[in-house]
Amino acid sequence: MSGKKFVDKFKNVKLDKQEDDDEEENEEEEEVVEEEEDVEQIVLPPKVLKRVAELEKLHLSLGNIDIEYKKERAILEKKYHIQRVVIYDQRKLIVTGEVEPEAEESSESVPVDGEADTIKGIPEFWLRALANHPSISEIITEEDVPALESLSNITVDYADDYTSFTLNFHFNENEFFTNPILSKTYVVNPDVLDDKAPTLTSSTGTIINWKPSKDLTVIETKKKQKAKGGKNKGQVRTIVKTEPKNSFFHYFSDPIEPKDEEDEEEDEQKDDVKFDIEFDYDIGYIIRTDIIPDAVKWFTGEAVPEDEDGDYEEQDEDEEEEDEDEDDDEDEEEDKPLPSKHNKSKGKSTGFASAGGSNVAPGEQPECKQN
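Residues numbered from 1 in each chain as written. Predicted model: local features only at pLDDT ≥ 70, side-chain atom pairs only at ≥ 80, totals over all residues. Heavy atoms only, no water.

### A short note on the packing of aromatic side chains
Phase 1: Under the criterion given, the structure shown has 21 aromatic pairs.
Phase 2: Their ring planes at 50° and their centres at 6.4 Å tell us that Y158 and F165 sit as a pair that is tilted.
Phase 3: On the basis of relative accessibility, which here comes to 24%, the residue Y158 falls in the partly exposed class.
Phase 4: With 5.7 Å between their ring centres and 85° between their planes, F248 and F249 make a pair best called edge-to-face.
Phase 5: In this structure F248 comes out as buried when scored by relative accessible area, which is 0%.
Phase 6: Given a relative accessible area of 1%, F249 falls into the buried group.
Phase 7: Stacked on the ring of F165, the Lys or Arg R288 has its end atom at 4.7 Å from the ring centre. (Phe/Tyr/Trp six-rings, centres within 6.5 Å; stacked < 30°, edge-to-face > 60°. Buried < 20%, exposed > 50% of the residue type's maximum accessible area, 1.4 Å probe, protein only. Lys NZ or Arg CZ within 6 Å of the ring centre and 35° of its normal.)

If you want it as structure tokens, here you go:
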């Protein structure tokens, strides 16, 4: 018998290891099999069953090894995470201007601009680090920029068993909201140390305490209504209507659960600016594994993938002029774009320019499936 025929023959084998099982259970199993497909029932010889049973014991031993491995790995992760946090704290002190690095000895004197000498720390450090990432730049709007300029640090905390992690965004006092910290917590199964793709159990954000008329996630429109009758006839009242709009700060809301097609049509306008649960986790994963450990590289643009620098096709001069004319017409009709360093459109990265791109993080990342 050829190898392929052997595989085909035993592919749908039902192991008859428990001959004394309850008859009702056997009948239920047979019914399920009949409903799904017509599967040939083959009873393996006793010697083969014995070998399969031995393999199952070996598989159980592998599981026990994995359990011990994860215990030891968790201890190592905690040890080195503590060491990383020490470095992150030193970085924070420099970024916020609480500590000034010692000047390096140099034979050449470098002229210092008077205005630059008064700058404290590294302004817009975290804003530029986020805006330079091709996936995160897609969700930062022009209106978000002033609020994100007050972002002073991003940290990550892990549960003791690594079944969850929390991203903390630390903000200086600002004109938009009163929260000093905005957090996002992800709970996964079995844990973030799992070599396979973990399953996302839940994602919980923070309620932002917006200051009056400063909510960046909605558009406020005011309408005046005049009473046409009754005792209030002729009186005018102002109604404020709010509608959701695109904003990075939707990230701190709970993500949208998958919906049926009918529900999607009903809520399309309401939820199209919010993040679905898969994209929400992708952003959290990027911030945890890319932005926090490599923040300075994203700030300077060194971490931006080469293919995000832009591949330009050759065009005739006439085509370029036509494109420029079309762009000019569109610019007159559309709102002013983000400043070059925060522009979400795809293009060549120049220094601190943000690089646009797809919603897929550069490099390999695990797929986090939803329960």
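Now that the structure has been shown, we can carry on.
### Quick look at the environment of F252
Phase 1: Examined against the element boundaries, F252 turns out to sit in the loop between β6 (236–244) and α6 (261–271).
Phase 2: C-alpha of F252 to C-alpha of D280: the two residues are 28 residues apart in sequence and 9.4 Å apart in space.
Phase 3: Those residues in contact with F252, other than ones at most four positions away along the chain, are F169, L182, S183, G205, T206 and I208. (Helix = DSSP H or I, 4+ residues; strand = E, 2+ residues; numbered from the N terminus. Contact = heavy atoms within 4.5 Å.)

### Points about helix α7 (residues 277–291)
Phase 1: In this model α7 runs 20 Å from its N-terminal to its C-terminal C-alpha over 15 residues, within 8% of the 21 Å that 1.5 Å per residue would give.
Phase 2: Among the 15 residues of α7, 13 are classified as buried, and the element is accordingly described as predominantly covered. (Expected span 1.5 Å × (residues − 1).)

### Focus: the nonpolar core
Phase 1: Residues I136, F169, F249 and I287 are the most contacted members of the largest nonpolar core, which totals 52 residues.
Phase 2: Elements with a contribution of two residues or more to this core: α3 (46–95), α4 (125–131), α5 (145–148), β1 (151–158), β2 (164–171), β3 (181–189), α7 and α8 (295–300).
Phase 3: At 8 residues, the largest contribution of residues to this core is made by α7.
Phase 4: Contacts of F169, omitting those with residues within four sequence positions, involve L151, N153, I154, P180, I181, L182, F248, Y251, F252 and I287. (Core = buried A, V, L, I, M, F, W, Y, C linked by side-chain atoms within 4.5 Å.)

### Some words on α3
Phase 1: Here α3 spans 70 Å end to end across 50 residues, near enough to the 74 Å set by a 1.5 Å rise per residue.
Phase 2: Within α3, the full set of buried residues consists of L49, A74, H81, Y88, R91 and V95.
Phase 3: Those residues of α3 that are buried are in contact with α4, β1 and α8.
Phase 4: Just downstream of α3, G97 is the residue with a positive phi angle, here 85°.

### What about the pairing of β3?
Phase 1: Where β2 lies against β3, 7 bridges are found, and the strand directions are antiparallel. Residue pairing in the sheet places T166 in a bridge with T185 of β3.
Phase 2: Bridging between β3 and strand β4 (residues 199–204) involves 5 bridges; their strand directions are antiparallel. Its bridge partner being in β4, T185 is matched across the sheet by T204. (Pairing = 2+ DSSP bridges.)

### Topic: the pairing of β2
Phase 1: The buried fraction of β2 is high, at 7 of 8 residues.
Phase 2: Note: β1 against β2, 7 bridges, orientation antiparallel. Within the sheet, the bridge partner assigned to Y158 lies in β2 and is F165.
Phase 3: Once β1 ends, the chain turns through 5 residues before running back antiparallel as β2, passing Y162 with a positive phi of about 60°.

### Some remarks on the pattern of salt bridges
Phase 1: All chains considered together, the criterion is met by 9 salt bridges.
Phase 2: The shortest N-O distance in the salt bridge between E243 and K241 comes to 3.9 Å.
Phase 3: The exposure class of E243 is partly exposed, given its relative accessible area of 37%.
Phase 4: Since its relative accessible area comes to 44%, K241 is described here as partly exposed. (Salt bridge = Lys/Arg side-chain N within 4 Å of Asp/Glu carboxyl O.)

### Digging into the environment of V95
Phase 1: Secondary-structure assignment places V95 in helix α3.
Phase 2: Look at V95 and you get buried, because its relative accessible area is 9%.
Phase 3: Ignoring any residue separated from it by four or fewer positions in sequence, one finds V95 in contact with G121, I122, F125, W126 and S152.

### Considerations on unusual backbone geometry
Phase 1: Residue P190 is reached from N189 by a cis peptide bond, and omega for that bond is 5°.
Phase 2: When you line up the elements, P190 lands in the loop between β3 and β4.
Phase 3: Phi at Y162 takes a positive value of approximately 60°, unusual for a residue other than glycine.
Phase 4: Structurally, Y162 is set in the loop between β1 and β2.
Phase 5: You will see that S213, though not glycine, has its phi angle at about 65°, which is positive.

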